[in-house]
Amino acid sequence: MGLTIVLSSNNKHKLQEIKAILKNIDINILTPEELNIPHQEVVEDGATYYENAIKKASSIAKYTTYPVMSDDSGLEIEALDNKPGINSARFAKSLGGYDCAFEYIFKSLGDNKRNARFVCHIALCNVKKEPLVFKGECVGKIACKILGDNGFGYDPIFIPNNFNCSFAQLNSNQKNSISHRSDAIKKMVKYLKENNLM
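A.B. asks: Which residues make up the overall build of the protein, and what are the values?
C.D. replies: Check the secondary structure of the protein and you find six helices and seven strands. Going from N to C terminus, the protein has its helices and strands arranged as β-α-β-α-β-β-α-α-β-β-β-α-α. Its C-alpha atoms give the protein a radius of gyration of 17 Å, within 12% of the compact-globule value 16 Å for 198 residues. Buried residues in the protein amount to 48% of all 198 residues. Surface accessibility of the protein: about 10,400 Å² in total, with carbon and sulfur atoms responsible for 48%. Each charge sign in the protein was given a centre, from 25 positive and 22 negative side chains, and these centres are 2 Å apart.

This is how it looks when you write it as structure tokens:
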């Protein structure tokens, strides 16, 4: 039967990606809706990915005995003082969407170095007394133009190290083998196995 984990997220892209990352692992992902858990409107006002991830997972954990996971992630661009970072989704929304955010980033970078990284923190509640947190990252650079139409969020402008194409030009298996979210989830699975929790 494997381990059942509830994903505290309303992001269907994120749900699809996490299920794909775990497809060969004996973990079953459920949504709060599938357990009739009432919708939680979580204000992501933490100062760190760590705080926001715990806040989102904790909002659901009180309604179930299943382990509950949540992630908080963002794109950090070195030349922009690691922005948009923790505010990545809100930053795009404030500018009118991701395409507008891409243009803003391209203009802001100009001839500056384009070093960047995606960061992800996965929080896991209802396993130990205190929440567990696993950090993942993927290092790369910002493209000079929008590349590809797979993926979501900032994927079309992020080129991971050792690749000549963006996240949005990779197929899901390629992206999920190197992404920040995959890195964090692999660390979570390793911990669960080593501690006989799955």
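The discussion continues.
A.B. asks: Break down the side chain of H180 for me, with residues and values.
C.D. replies: With respect to the helices and strands, H180 occurs in helix α6 (residues 180-194). We classify H180 as buried; its relative accessible area is 4%. Once you skip the residues sitting within four places of it in the chain, H180 turns out to touch S73, F118, V119, C120, G136, E137, C138 and F167.

A.B. asks: Give me the pattern of salt bridges: which residues, what numbers.
C.D. replies: Under the defined criterion, the tally for this structure stands at 13 salt bridges. With its nearest N and O atoms 2.6 Å apart, the salt bridge here joins D71 to K14. Taken as a pair, D71 in strand β3 (residues 68-77) and K14 in helix α1 (residues 12-21) lie far apart in primary sequence, 57 residues in all. The class for D71 is buried, based on a relative accessible area of 2%. Within the structure, one salt-bridge network assembled from shared partners comprises K14, E17, D71, D155, K175 and R181.

The rules behind these values
Residues numbered from 1 in each chain as written. Predicted model: local features only at pLDDT ≥ 70, side-chain atom pairs only at ≥ 80, totals over all residues. Heavy atoms only, no water. Helix = DSSP H or I, 4+ residues; strand = E, 2+ residues; numbered from the N terminus. Rg over C-alpha atoms; globule rule 2.2 N^0.38 Å. Buried < 20%, exposed > 50% of the residue type's maximum accessible area, 1.4 Å probe, protein only. Areas by Shrake-Rupley, 256 points an atom, 1.4 Å probe, with all protein chains shown as cover. Lys, Arg positive; Asp, Glu negative; His and termini not counted. Charge placed at Lys NZ, Arg CZ, Asp CG, Glu CD. Contact = heavy atoms within 4.5 Å. Salt bridge = Lys/Arg side-chain N within 4 Å of Asp/Glu carboxyl O.

Function cannot be read off these values alone, since they describe shape.
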